[in-house]
Amino acid sequence: MAAVVLVGAQWGDEGKGKITDYLAERADVVVRYQGGSNAGHTVMVGREEFKLHLVPSGILYPGKLCVIANGVVLDPQVLVQELDGLAGRGVDTTGLRISDRAHLILPYHRGLDAAQEEHRGQAMIGTTKRGIGPAYVDKTARTGIRVGDLLDWEEFEKKLAHNVVVANELLAKIYNQPGYDLRAILEEYAGYTERLRPLIADGVRLVNRALQEGRKVLFEGAQGTLLDLDQGTYPFVTSSYPIAGGACVGAGVGPTRIDKVIGVVKAYTTRVGSGPFPTEITGPAGDALRQQGMEFGTTTGRPRRCGWLDTVILRHAAEVNGLTGIALTKLDVLTGLEPLKIGTAYRYRGEISQDFPASLKALQECEPVYEELPGWQEDITGAGSIEDLPVNCRNYIRRLEELVGVPVHLIAVGPRRDQTIVLKDAF
Ligand code: IMP
């Protein structure tokens, strides 16, 4: 199998970093296809922890081609910092390429993101304030500036001059915020251009050539299905398409090229930012799960809301992504919890529904229907095979597979590379 898409099946933060790292070792090419520096993937290499925001996780293996594809909104300031950080730790980053079709995040996008969040007041989305939404707004409004524009400085200057005027007007007149200085941005971005010039390439050709040559390509999704602009809990979503179809749009490959789609599922559910969350556990029990799972944002450090596994969400994810397998993460965090609960359906106005609703108002009213399963007390962090897992743990996995209708292929029982049980290889 040559092309595998890896997606988050919940609200992001499913532990994709670890699974991408595992699959990246087996891939030749790793492609990031959407989002931007709102993402944060944590990868453990031995005792060393790497937090990546933009660079595909494949960079930690020498000799891999890593592509930041056209669907990404790229903040060069973050990328340069990340490259410096990796170089400082001895990681070779020469395998990285950036698509000339990717859109740029500019300082006023970050300013607008923060101003708009403040303006929303109670209705705030809880964005990462990394400028993601405003950059995608420019892209769809057809006024965005692309990475390739950096290579034609006159063109870049012209587009930027126009956009800075518009952004400053918006900031001043609607949000009562200070504006940005065109010259300062030009100077800053001239520096980034010199630095990034050798990495800018035709990402669409690179990825398609690799597929034609039969090389193994991993498409690495950021965020998760419920943060997808169309399939998520709109408007409490991100501005891109984290679902598997997003890989086709965001990297310029046809759907016929994709062989498998692996959904990363955390053994429980978490969410950052605002919006309804039916299986949320509030109070001390929720705090305990947060501490046990160390559920604090990689990008913003915010505490994540925690709850039980919700298979209504996962069936939705299985459908909209066409999942062929599941990578189950952080199973060890459930050790010691008794009993375990799994959300199997929602009760909405007295009726039982198996389906995830489009309306947030309806979701807000949905009460989860739970099934209780006995937990396990044994430490599972050293388990090397499915047989090493306690019987109640195996039953939990089996029930998840039954309720979602997708087999589990990988199980993570701890953050290290070797704490992974492989039932079926993706490549
Ligand atoms: P934005 O992507 O910064 O615009 O934020 C929109 C929503 O997506 C907010 O609820 C964020 O908390 C959420 N979000 C964005 N990136 C991630 C992520 O990598 N993990 C989890 N939530 C995210």
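These numbers come from a predicted model, not from an experiment.

Here the focus is the pattern of salt bridges. Scanning the entire structure with this criterion turns up 28 salt bridges. Residues Glu48 and Arg89 are paired through a salt bridge, measuring 2.9 Å at the closest nitrogen-oxygen approach. Taken together, the residues Glu48 in strand 4 (residues 48–52) and Arg89 in the loop between helix 2 (76–88) and strand 7 (96–99) connect sequence positions 41 residues apart. Note on Glu48: relative accessible area 38%, which makes it partly exposed. Between Asp149 and Lys159 there is a salt bridge, and its shortest N-O distance comes to 3.2 Å. Of this pair, Asp149 sits in the loop between helix 4 (132–140) and helix 5 (153–173) while Lys159 sits in helix 5; the two residues are ten residues apart in sequence, bridging distant segments of the chain. Each member of the salt-bridge network shares a partner with another, and the members are Asp13, Lys266, Glu295, Arg304 and Lys330.

What follows deals with the site of the ligand. Close to the ligand lie 15 residues, the nearest being Asp13, Asn38, Thr128, Thr238 and Arg302. A distance of 2.9 Å separates an oxygen atom of the ligand from a polar side-chain atom of Asn38. Here Thr238 contributes a side-chain N or O atom positioned 2.6 Å from an oxygen atom of the ligand. Relative to its free-state accessible area of 460 Å², the ligand is covered by the protein chains to the extent of 96%. Class assignment of the residues belonging to the shell around the ligand gives a composition of six nonpolar, seven polar and two charged.

Moving on to the domain arrangement of the protein. As assigned here, the protein comprises domain 1 (2–100 + 199–260), domain 2 (104–196) and domain 3 (266–422). Using only C-alpha atoms to locate each centre, domain 1 and domain 2 end up separated by 23 Å. The partner domain 2 presents 22 residues to the 28 residues of domain 1 that form the contact. Summed over both sides, the interface between domain 1 and domain 2 buries roughly 2,100 Å², with carbon and sulfur atoms accounting for 65% of that surface. Interface area lost by domain 1 to domain 2 is led by Val73, Pro76 and Ile200, which between them contribute 27%. Across the domain 1-domain 2 interface, the total number found is two salt bridges. A salt bridge links Arg195 to Asp84; the nearest nitrogen and oxygen atoms lie 2.8 Å apart. Seen at the junction of domain 1 and domain 2, the total is nine residue pairs in polar contact (both at pLDDT 80 or more). For the side of domain 1 that touches domain 2, the elements supplying multiple residues, two or more each, are strand 6 (73–74), helix 2 and strand 7.

Cut-off values and rules
- In this numbering scheme, every chain counts its residues from 1 along its sequence in written order.
- It should be noted that, the model being predicted, local features are given only for residues of pLDDT at least 70 and side-chain atom pairs only at 80 or more, the latter also being counted only at that level, while totals for whole chains, interfaces and linings use all residues.
- Heavy atoms throughout the structure, all of them, feed into the side-chain values; hydrogens and water do not.
- Salt bridge criterion: a side-chain nitrogen from Lys or Arg within 4 Å of a carboxyl oxygen from Asp or Glu.
- Numbering of helices and strands runs from the N terminus, with a helix taken as a DSSP run of H or I at least four residues long and a strand as a DSSP run of E at least two residues long.
- Accessibility here uses a 1.4 Å probe with only protein chains present; expressed as a share of the type maximum, an area under 20% marks a residue as buried, one over 50% as exposed, and anything in between as partly exposed.
- Throughout, the term near means that a residue has one or more heavy atoms lying within 4 Å of the molecule or strand in question.
- Definition of a polar contact: a pair of N or O atoms within 3.5 Å, with one able to donate and the other able to accept a hydrogen when the atoms are protein atoms, and with sequence-neighbouring residues admitted only if both atoms are side-chain atoms.
- For the accessible areas, the method is Shrake-Rupley and the probe is 1.4 Å, while residue cover comes only from the protein chains on display.
- All amino acids are sorted into three groups, where Ala, Val, Leu, Ile, Met, Phe, Trp, Tyr, Cys and Pro are nonpolar, Asp, Glu, Lys and Arg are charged, and the leftover types, Gly among them, are polar.
- Domain boundaries shown here were taken from an automatic or database domain assignment.
- Residues are treated as being in contact if the distance between any of their heavy atoms lies within 4.5 Å.
- Accessible surface is computed with a 1.4 Å probe, and the buried area is the amount of it that two parts give up when combined, taken over both parts together.

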